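# Chains, contacts and geometry: an overview
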Number of protein chains: 2
Amino acid sequence: MPLWVYVWSMARAATTTDAFNAVAEPRRREILDALAGGELAVGDLVELLGLAQPQVSKHLRVLREVGLVDVRDDGRRRLYRVNGAPLRAVHDWVSRYEHLWNERFDLVDAVLDELTDTGAEPPGPTTPEGD
Amino acid sequence: MPLWVYVWSMARAATTTDAFNAVAEPRRREILDALAGGELAVGDLVELLGLAQPQVSKHLRVLREVGLVDVRDDGRRRLYRVNGAPLRAVHDWVSRYEHLWNERFDLVDAVLDELTDTGAEPPGPTTPEGD
DNA sequence: TTGACGCATGCCGTTATGGGTATATGTTTG
DNA sequence: CAAACATATACCCATAACGGCATGCGTCAA
C-alpha cells in the first residue's frame, strides 16, 4: 500500500510564524507603534496610518496570531492593544549582537579576544569585572 | 496617445530591504549565530548548519546585501564575518517595548499610566522609520 | 425593521521567497 | 594544462505575502 508523505515547499516562513516575521513588515511595526499609546479601534488605525481598512484588519490579524496584540469588543468596534511579550524573543536574540555596535562593550570584546587567542574557554554568560 | 504607468504590486518587503526582513528567516539567524564565533568559510557553514551549499550562499548574499556580513577572499574560499551594525535598528525598535515584558519597568509603567490618566502626552510612538 | 456603521474575510493578481538541482566562474594542485 | 575544489548563479517549482475591491456579518440608530 502506498505511503503518502506530505511535502512542504515553503517559499518563506509565514508571517504568522513568529514575532520576527510579523515584525518584518514596516506597516505592522507602525501599527504596534500607534498602539503603544494605548488601545485603539481599527478605524483609528486606518486614519492614523492612512491605510485601507481591510489592510489594517489583515495586519492586525497577523499580529493577533503571533500574540503581539490583544482584542476587546466594544460595541461595533474592536479595540486592539499591544502585548509585547512575543517581542522578547526578538530582543533577546538581537541583544546577543549588541556588543558589535555598542562601544560600551569594547572592553569586554578585548577580554574575549584575549581569551580566545590563548585558547581559553570562550566564556558563556559574561561576568563583567568592573563596570 | 497611451500613457504607460509602471505599477508595482509588492507582495512583501524584500528580504534585502533591511535587517528586520533579513533576520526574519531562521536559517539566516543560524548563520549569524555560527559566524558569531568568528570568520567562517561557506563550506564551514554548510557543514555546521547541514544545509545545501547553494542555499547557504544565497542566504549569505541576502545578509551581505543588508550589510549584516562582510566577506573576504582567501584563496578559493570566501570568509564571512558578522557585522552587527544593521541589527542596531532592530534592537532599538524592539527595546521600546521592553517594558511590556520586563518587570523591572513596572514602576515606570505605573508612572506612565498615571500621566496618561491625567491627560498628559503618552511617550508612545516615535516611529517614522521610513526604512 | 431598515439603514448606516465598523470590522473581518474572500478572491484576484503580481511578486518574490526558499529549496532543489545543474552549471558557471575562479583557484589551487598535479 | 587538466582535474579537483570552493563558491556563486541560473532555473524551476510551489507557496504565500500584500494590496485592491467586494462582500459578509454583527451592532447601533432612526
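Residues numbered from 1 in each chain as written. Chains lettered and ligands numbered in written order. Predicted model: local features only at pLDDT ≥ 70, side-chain atom pairs only at ≥ 80, totals over all residues. Heavy atoms only, no water.

## Description of empty space enclosed by the protein
Definition in use: Within this scheme a cavity is a closed region of a 1 Å grid, computed over the protein atoms alone, that accommodates a 1.4 Å probe without allowing it to escape, whereas a pocket is open but has protein on both sides within 12 Å along at least five of seven lines; lining residues each have an atom within 4 Å of a point. Grid points are joined across faces, edges and corners, and a volume is the space filled by probe spheres set on the points. Classes in brief: Ala, Val, Leu, Ile, Met, Phe, Trp, Tyr, Cys and Pro nonpolar; Asp, Glu, Lys and Arg charged; the others, Gly included, polar.
Going through the model one piece at a time under the given rule, you end up with 1 cavity of 30 Å³ or more. Here the largest cavity defines a volume of roughly 50 Å³. Around the largest cavity, the lining residues are A:Ala19, A:Phe20, A:Val23, A:Val90, B:Phe20, B:Val23 and B:Val90. Its residues assigned to classes, the lining of the largest cavity shows 7 nonpolar, no polar and no charged.

## A word on the sheet that holds strand E1 (residues 40-41) of chain B
Residue and element names in this part refer to chain B. The line we're drawing: Two strands form a pair only when DSSP identifies at least two bridges running between them. Numbering goes from the N terminus for both helices and strands, where a helix is a DSSP run of H or I of at least four residues and a strand is a run of E of at least two.
The 3 strands lie next to each other as E1-E3-E2, forming an open sheet whose pairing is antiparallel. Edge positions in the sheet fall to E1 and strand E2 (69-74), since each has one partner strand and no second. By the bridge criterion, 6 bridges tie E2 to strand E3 (residues 77-82) in an arrangement that is antiparallel. Note on E3: the bridge partner recorded for aspartate 70 is arginine 81.

## Here's the deal with the pairing of E3(B)
All names here are of chain B. Pairing geometry for E1 and E3, over 2 bridges, is antiparallel. Residue pairing in the sheet places alanine 41 in a bridge with leucine 79 of E3. Hairpin connection between E2 and E3: a loop of 2 residues separates the two successive antiparallel strands, and glycine 75 in this loop has a positive phi of roughly 60 degrees.

## So, the interface of chain A and chain B
Interface size, as often reported, equals the accessible area lost upon joining of the parts. Condition: The criterion used for residue contact is that any of the two residues' heavy atoms lie within 4.5 Å. Summed over both partners, the accessible area lost on bringing two parts together, with a 1.4 Å probe, is the buried area. Salt bridges are identified by distance alone: a Lys or Arg side-chain nitrogen within 4 Å of an Asp or Glu carboxyl oxygen.
The partner chain B presents 32 residues to the 30 residues of chain A that form the contact. Both faces combined, the contact of chain A with chain B buries some 3000 Å², and carbon together with sulfur accounts for 64% of it. On inspection of chain A and its partner chain B, the count reaches 2 salt bridges. Between A:Asp33 and B:Arg96 there is a salt bridge, with its nearest N and O atoms 2.8 Å apart. Looking at the side of chain A that touches chain B, the elements that each hand over two or more residues are helix H1 (19-22), helix H2 (26-35) and helix H5 (87-95) of chain A. No other element matches the 7 residues that H5(A) contributes to the side of chain A that touches chain B. Broken down by class, the residue content of the side of chain A that touches chain B amounts to 17 nonpolar, 6 polar and 7 charged.

## Here we look at the relation of the copies chain A and chain B
Superposition of the two copies of the chain requires a rotation about an axis and a shift along the axis. This is how it is decided: Superposition of the copies used a least-squares fit over C-alpha atoms from residues whose pLDDT is at least 70 in both.
Rotating chain A by 180 degrees and translating it 0.0 Å along the rotation axis places it on chain B, where the RMSD comes to 0.0 Å. Taken together, the rotation angle and the small translation identify this as a two-fold axis. A high fraction, 90%, of the interface residues of chain A reappear at the interface in chain B, so the copies pair face to face through one surface.

## Structural notes on helix H3 (residues 42-49) of chain B
Residue and element names in this part refer to chain B. For clarity, the cut-off: Three labels apply to residues, based on accessible area from a 1.4 Å probe with only protein chains included: buried if under 20% of the type maximum, exposed if over 50%, partly exposed otherwise in between. To obtain the arc, one takes the directions from the helix axis to the C-beta atoms.
Residues Val42, Leu45, Val46 and Leu49 constitute the buried set of H3. The buried residues of H3 occupy an angular sector of 105 degrees when the element is viewed end-on, so they sit on one face. Exposed side chains of H3 directed beyond 90 degrees from the buried face belong to Glu47 and Leu48. As for H3, its buried residues are in contact with helix H2 (26-35), E1, helix H4 (53-65) and E3. Directly beyond the C-terminal end of H3, a positive phi value near 65 degrees is found at glycine 50.

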